[in-house]
Amino acid sequence: MEKKKTSFGTSIGFELAAAGSAVGLGNLWGFPYKTSANGGAAYLFMYLACILLVGAAAMLAEFIIGRRARANPVTAYKEISKNCGWFGLAVVVIPALIMCYYFVLGGYTVKYSLNSFAGNAGMFQRFAGNAGDVILHTAVFALLALAIVVAGVRGGIEKTSKILMPTMLVILVVIISFSLLLGEGVSEGLAFYLRPDFSAMSWSGALSAMGQAFFSLSLGCGAMICYGSYSGKKVNLFRSTAVICVLDSLLTFMVGLAIFPALFHYAAVSGVSTAELGMGGMGLMFITLPMVFEDMSVVGSTLSLLFFAMAAIAALTSVISILEVVTQFVIQKFRIFRTRAALLVTGICVALSVPVGLSFGAAMNGGSLMALFGRNLLEVLDMITNTILMPVCALFACLAVGWIIGPREAVKAISPERDGKAHRLLGLMLKVVTPLLIIVIEIFGIFDLIMPLDNGVRRFSADGCGIVVCAYGILLVCAVVYFAFLKNSDTGNNSDELQVDALEAERVKAGPSRGWYRPE
Ligand code: PFF
């Protein structure tokens, strides 16, 4: 008889949780400023094309890997081939690194939400420079994520996603309605966003759109393998992939509709030119938007509260997916309770996020603290994960499904009744098209780090080189650790959690708990 395994209760629960992982700060922060810098709708088109051409296939590949094994990423890759298990370890380490800066940025959204009525304009430097406040808000945000993950896949992640995702959508609709009713400047904002300026399109813009699509869909960091492993047998992964990609694209599109009219309205009434507003830079969310909100008095404060609460929700539903990847592995490999595993992982990542937050805060105030490779730690971690490691790991996933499992087998594994042409198209995408595009992203990402543009001229950067070496060094360490310790040991699967829980329940009945539990 097949063992019972931890899983999502419903298709919609699974889809909302995965969409929650996808829609995060990347959509609310990264997308608008990159759109501003790359020709408005032209960038939007490129982004949507990348989701369709590259992201959807890679997402399906990750779901297939997880669903086939119904286990953590290490076991899931091991089931494809024992020598591939280290890819799985890499996608458990990457989310841990992402968490160290995502917790910090989540803390910023919490602070900005709570401070909306006191006014957030000009707050960025002050807050960033206040170590105690940054640590406090980082910890609050991490605790919220911990509470959800501790409550389990169904009781925590699924339930909260079912509540928070619709809430986010409603908030976004309210903000868009306000934004469109602002009057002066609104039509210019809409024109900027929706009328493509193809002259502003460039290769680097296209690459940025591809990278943005990957990050936004949470690919290459185990989240979709982990959630795929919890998808019930009845979930149609083809349909779910489509639903998640559409939801992510729709929300991204709506974020632009909320932000650009408001920015152009502010420019029109304040007399500040849009060029001076800093729309194309990273300060858009934490510096420019608060100024815009402040200018609208009470309405602005309300909008600010809604916007930053929405950002906090988006960040939360994303961070729980990466916390779950690492927690799932710790539960299954070490056979310890969810509560303890999640607490352990969160504790370590919060401790590591303290230097990250302080280094970022110092840099935002013109200083340098614990800087590495000429950059603050948040930026370094973002480059290591987002620019270098995530595309590599998404590439592994596509190649593993396309070439090792094979498209026919893969389709059979997730939907036995579906034969015919589905596997041909999937095969073409996973064997050739998506890998080639990912390789292009990776090569250009690395080139940009090693030979960055400096006043219009490309120059060699030893710091950029250091980041690349460091990122590939992490992959090497994962391979060494895997072959030394994990290849021939049991790394568990999704039935272990229920087993550990059941045995513990018996033990609790029998007497007081004796702490960490390891079944023989
Ligand atoms: N998709 C998230 C965003 O757009 O902000 C970021 C993210 C979440 C990346 C979870 C990776 C991940 F596993």
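Scroll up to find the structure.
It should be emphasised that the depicted structure is a prediction, and the values quoted were computed from it without experimental measurement. (Residues numbered from 1 in each chain as written. Predicted model: local features only at pLDDT ≥ 70, side-chain atom pairs only at ≥ 80, totals over all residues. Heavy atoms only, no water.)

(A) Quick look at the overall build of the protein chain. Of the regular secondary structure elements, the protein chain holds 20 helices and two strands. The C-alpha radius of gyration of the protein chain comes to 23 Å, within 12% of the 24 Å expected for a compact globule of 520 residues. Expressed along its principal axes, the backbone C-alpha trace of the protein chain runs to roughly 70 × 55 × 45 Å. Taking all 520 residues of the protein chain together, the buried fraction comes to 58%. Restricting to contacts in the protein chain with at least 6 residues of sequence separation, those with at least 24 account for 82%. A total accessible area of about 20,300 Å² is found for the protein chain, and carbon and sulfur atoms account for 67% of it. Considering the protein chain, the positive charge centre built from 36 side chains and the negative charge centre built from 30 side chains are found 11 Å apart. (Helix = DSSP H or I, 4+ residues; strand = E, 2+ residues; numbered from the N terminus. Rg over C-alpha atoms; globule rule 2.2 N^0.38 Å. Buried < 20%, exposed > 50% of the residue type's maximum accessible area, 1.4 Å probe, protein only. Contact = heavy atoms within 4.5 Å. Areas by Shrake-Rupley, 256 points an atom, 1.4 Å probe, with all protein chains shown as cover. Lys, Arg positive; Asp, Glu negative; His and termini not counted. Charge placed at Lys NZ, Arg CZ, Asp CG, Glu CD.)

(B) Structural detail: the environment of Thr-491. Examined against the element boundaries, Thr-491 turns out to sit in the loop between α19 (462-486) and α20 (495-510). On the basis of relative accessibility, which here comes to 2%, the residue Thr-491 falls in the buried class. Taking the C-alpha atoms as reference points, Thr-491 and Val-330, 161 residues apart in sequence, are found 9.2 Å from one another. Aside from chain neighbours lying at most four places away, what touches Thr-491 is Asn-72, Val-74, Thr-75, Lys-78, Gln-332, Lys-333 and Leu-486. Within the structure, Thr-491 has its side chain in polar contact with the side chain of Lys-78 (distance 3.1 Å). (Polar contact = N/O pair within 3.5 Å; in protein donor to acceptor, adjacent residues only side chain to side chain.)

(C) How the structure looks around the environment of Ile-414. Within the secondary structure, Ile-414 sits in helix α17 (residues 407-414). Spatially, the C-alpha atoms of Ile-414 and Lys-487 are 26 Å apart, while their sequence positions differ by 73 residues. Leave out the neighbours within four places in its chain, and Ile-414 touches Leu-60, Ile-64, Arg-67, Leu-237 and Phe-238.

(D) Expanded view of the packing of helix α1 (residues 11-22) against helix α12 (residues 237-270). Between α1 and α12, the least distance of the axes is 9 Å, while the angle of their chain directions is 40°. Looking at the two axes, α1 sits oblique to α12. Handedness of the α1/α12 crossing: right-handed. Where α1 approaches α12, its residues Ser-11, Phe-14, Glu-15, Leu-16, Ala-18, Ala-19 and Ala-22 are matched on the opposing element by Leu-237, Arg-239, Ser-240, Val-243, Ile-244, Leu-247 and Asp-248. (Axes fitted to C-alpha atoms, helices over the stretch in contact; angles between N-to-C directions. Parallel < 35°, antiparallel > 145°, perpendicular 65-115°, else oblique. Left-handed = near helix turned anticlockwise from the far one by under 90°.)

Taken by themselves, the reported measurements are silent on function.
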